[in-house]
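Breakdown of the fold
For reference, the chains in residue letters:
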Amino acid sequence: MGHLIVIESWVGAMSRLLPRAIREAGHRFTFVTRDLHHYLRSAPAGSTHPLLTADHVLTLDTNDPARLVEELAALQPQLGFEGVLSSCDYYLETVALVAERLGLPGAPPAAMRAACRKDETRRTLAHLPGPRFAIARNRAELLGAARSVGFPLVVKPVDLCAGMFVRRVDDEAALVAAFDAAAAFPVNARGQQRAPQLLCEELLVGPEVSVETVTAGGTTTVVGVTDKALTGAPWFVEVGHQFPAALDPATAAEAADLARAAVDGLGLDHTVAHTEIKLTADGPKLVEVNPRPAGNRITELVRRVTGVDLARAHAEVALGITPDLAPVTTGTASAAVRFLVPEREGELVAVHGTDGLDARDGVVEAELPTAGRRTGDGRSNNHYLGHVMTVSSDPDAGADAVRLLDEVVLEYAAPVSV
């Protein structure tokens, strides 16, 4: 039985899946957070929040890595930590620093930083197929960076996730507006000061997939390739996924090879990664590497089809264990999830088409909103209202998920006139 430090977590699916996986594998964990109430606010109704199944809950300043490292080192003799991990992008570099200081398995801090910072990923992996890119460190450099790439292009902050402030821009006016919008968000959702840089990238055209990998002992194993559906132009909102991706074997192998090369090129080890790739007419091109298990229920899609639990693998590689990634027969050929995205900001007065949806054939999860809910503007993955997950014995579970969500109709309150 291994003792893990879990430093913060995303609120949502992974905050439930990761503790479950740790416990089912026979391990235990200490949860470290700067704000326990952040998690208690999202506790499942009528039950204890899974993060509170920890052996210990420590309130420490996770936004001060240097201090946190020394505080955990001081606790090491008493608590006997054997691994450290997080599911939250904003703490992955901190995890690497703790692992290095305590002599625990983990990716080198420099490798983790390069994976978490989109500008550093681009520079480190410039030898791999990817878009043309330029980095604007301030507003003065913005137009020059964009002109070197060429319109239309994609702009993205270098240190945010969930698609926040990522958008297509077609001209200089839209570019400046995108930069100013990101600059007006100087602190991320965890209270950390943001980097001012903006990444300008060539707009890649083609379907997008993700490759789920596990790296242990310097060897990267590809678990599978996942389809991705995007909507909301000029934003890039992920509205659905299907595993495995509906690709011919040669294309799937090319995407897998690129993901493996990206993970290895960054120098990552003891890492579960979710690498996003565009399948262009010129072949697969790298979008980004996320050095943690996939969000958006993708880990559950993989588990339902292959039996491989990527949350468990995340815990095991953090303990220095090489996980068993051999697929097993599950009777499920494909699994898919589709997300309900708000049409606009406002208050829902009714949600139609949800009655009995969770009892339909093939539906294994259905979480949908009710009247009275306030919605966001739908410009990022942070604004989902719910989802439907389907499984199938044929290769296209995604078609069922799309059809079911198409039946859901949102009714908004009339906007208040000013």
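This text goes with the structure placed above it.
What this report covers is the structure whose coordinates are included nearby. Given the structure is predicted, the values throughout are model-derived calculations rather than measurements. Along each chain, the written sequence defines residue order, and numbers are assigned to residues from 1. Given that this is a predicted model, residues contribute local features only at a pLDDT of at least 70 and side-chain atom pairs are listed and counted only at 80 or more, while totals for whole chains, interfaces and linings are drawn from all residues. Only hydrogens and water are removed before side-chain values are computed, so all heavy atoms of the structure are retained for them.

Concerning the packing of aromatic side chains
Stacked, tilted and edge-to-face are the three classes applied to pairs of Phe, Tyr and Trp rings, where Trp contributes its six-membered ring and a pair requires centres within 6.5 Å; stacked means planes under 30 degrees apart, edge-to-face means over 60, and tilted covers the rest. Throughout the structure, instances matching the rule amount to 4 aromatic pairs. Judged by centre distance (5.4 Å) and plane angle (45°), the rings of Phe165 and Phe185 are tilted. A residue pair is termed long-range when its members are at least 10 positions apart, and Phe165 in the loop between strand E6 (153–157) and strand E7 (167–169) and Phe185 in the loop between helix H8 (172–183) and strand E8 (198–202) qualify at 20 residues. Partly exposed describes any residue whose relative accessible area lies between the buried limit of under 20% and the exposed limit of over 50%, with all areas from a 1.4 Å probe on protein chains only and scaled to the type maximum. Assessed through its relative accessible area of 23%, Phe165 is described here as partly exposed. A ring has a charge above it when a Lys NZ or an Arg CZ is no more than 6 Å from the ring centre and no more than 35 degrees off the ring normal. A cation sits over an aromatic face here: Arg167 above Trp235, 4.8 Å from the ring centre. In this text, helices come from DSSP runs of H or I with a minimum length of four residues, and strands from runs of E with a minimum of two, each type numbered from the N-terminal end.

Section: the state of the cysteines
A disulfide bridge is the covalent bond that connects two cysteines by way of their sulfur atoms. Put simply, a disulfide is two cysteine sulfurs that come within 2.5 Å. Per the stated rule, a full pass over the model turns up 0 disulfides. The closest cysteine sulfur to the non-disulfide-bonded Cys161 is located on Cys88, 6.6 Å from its own sulfur. As a non-bridged cysteine, Cys200 has Cys161 as the owner of its nearest cysteine sulfur, 20 Å distant.

Details of the packing of helix H1 (residues 13–24) against helix H10 (residues 298–306)
When two helices pack together, their arrangement is given by the angle between the helix axes and the distance between those axes. All axes here are fitted lines through C-alpha atoms, helices being fitted over the stretch that makes contact, and every angle between N-to-C directions spans 0 to 180 degrees. Direction vectors running N to C along H1 and H10 enclose 45°, while the axes themselves pass 10 Å from each other. With respect to H10, the axis of H1 lies oblique. Along its contact with H1, which presents Met14, Leu17 and Arg20, the element H10 presents Thr299, Glu300 and Arg303. Residue composition of the contact of H1 with H10, by class: 2 nonpolar, 1 polar and 3 charged. Each angle gets one of four labels, with under 35 degrees taken as roughly parallel, over 145 as roughly antiparallel, 65 to 115 as roughly perpendicular, and the rest as oblique. Contacts: residue pairs with any heavy atoms within 4.5 Å of one another. Put simply, Ala, Val, Leu, Ile, Met, Phe, Trp, Tyr, Cys and Pro go in the nonpolar bin, Asp, Glu, Lys and Arg in the charged bin, and everything else, Gly too, in the polar bin.

Concerning helix H4 (residues 92–102)
Every buried residue belonging to H4 is among Leu92, Thr94, Val95, Ala96, Val98, Ala99 and Leu102, and all of these are buried. Elements in contact with the buried residues of H4: strand E1 (3–7), helix H3 (65–79), strand E4 (83–85) and helix H5 (109–116). Positioned one or two residues after H4, Gly103 has a phi angle of 70°, which is positive.

Observations regarding the sheet that holds strand E18 (residues 386–392)
Two strands pair under a simple rule: DSSP has to find at least two bridges between them. Reading across the sheet, the 8 strands line up as E13-E12-E9-E10-E11-E14-E18-E16 and stay open at both edges, with antiparallel pairing between neighbours. Both outer strands of the open sheet, strand E13 (283–290) and strand E16 (363–367), are each paired with one neighbouring strand and no more. Across the sheet, the mean angle from the axis of one strand to that of its neighbour is 25°, orientation sign disregarded. Here 7 bridges tie strand E14 (residues 334–340) to E18, and the two strands are oriented antiparallel to one another. For Ser334, the partnering residue across the bridge sits in E18 and is Ser392. Strands strand E11 (237–243), E14, E16 and E18 of the sheet are contacted by helix H12 (residues 397–406), whose axis makes an angle of about 25° with E14.

Quick notes on the pattern of salt bridges
Once their charged atoms are close, side chains differing in charge can pair, the charge on each being opposite to the other. For this analysis, a salt bridge means a side-chain nitrogen from Lys or Arg found within 4 Å of a carboxyl oxygen belonging to Asp or Glu. Following the criterion strictly, the structure yields 33 salt bridges and no others. The shortest N-O distance in the salt bridge between Glu202 and Arg132 comes to 3.5 Å. Taken together, the residues Glu202 in strand E8 and Arg132 in the loop between helix H6 (118–124) and strand E5 (133–136) connect sequence positions 70 residues apart. For Arg132, a relative accessible area of 45% translates into the label partly exposed. Put simply, Arg303 and Glu300 hold a salt bridge, and the shortest N to O gap is 2.8 Å. Linking Arg303 with Glu300, this pair stays in helix H10, spanning 3 residues, or about one helical turn. The class for Arg303 is partly exposed, based on a relative accessible area of 27%.

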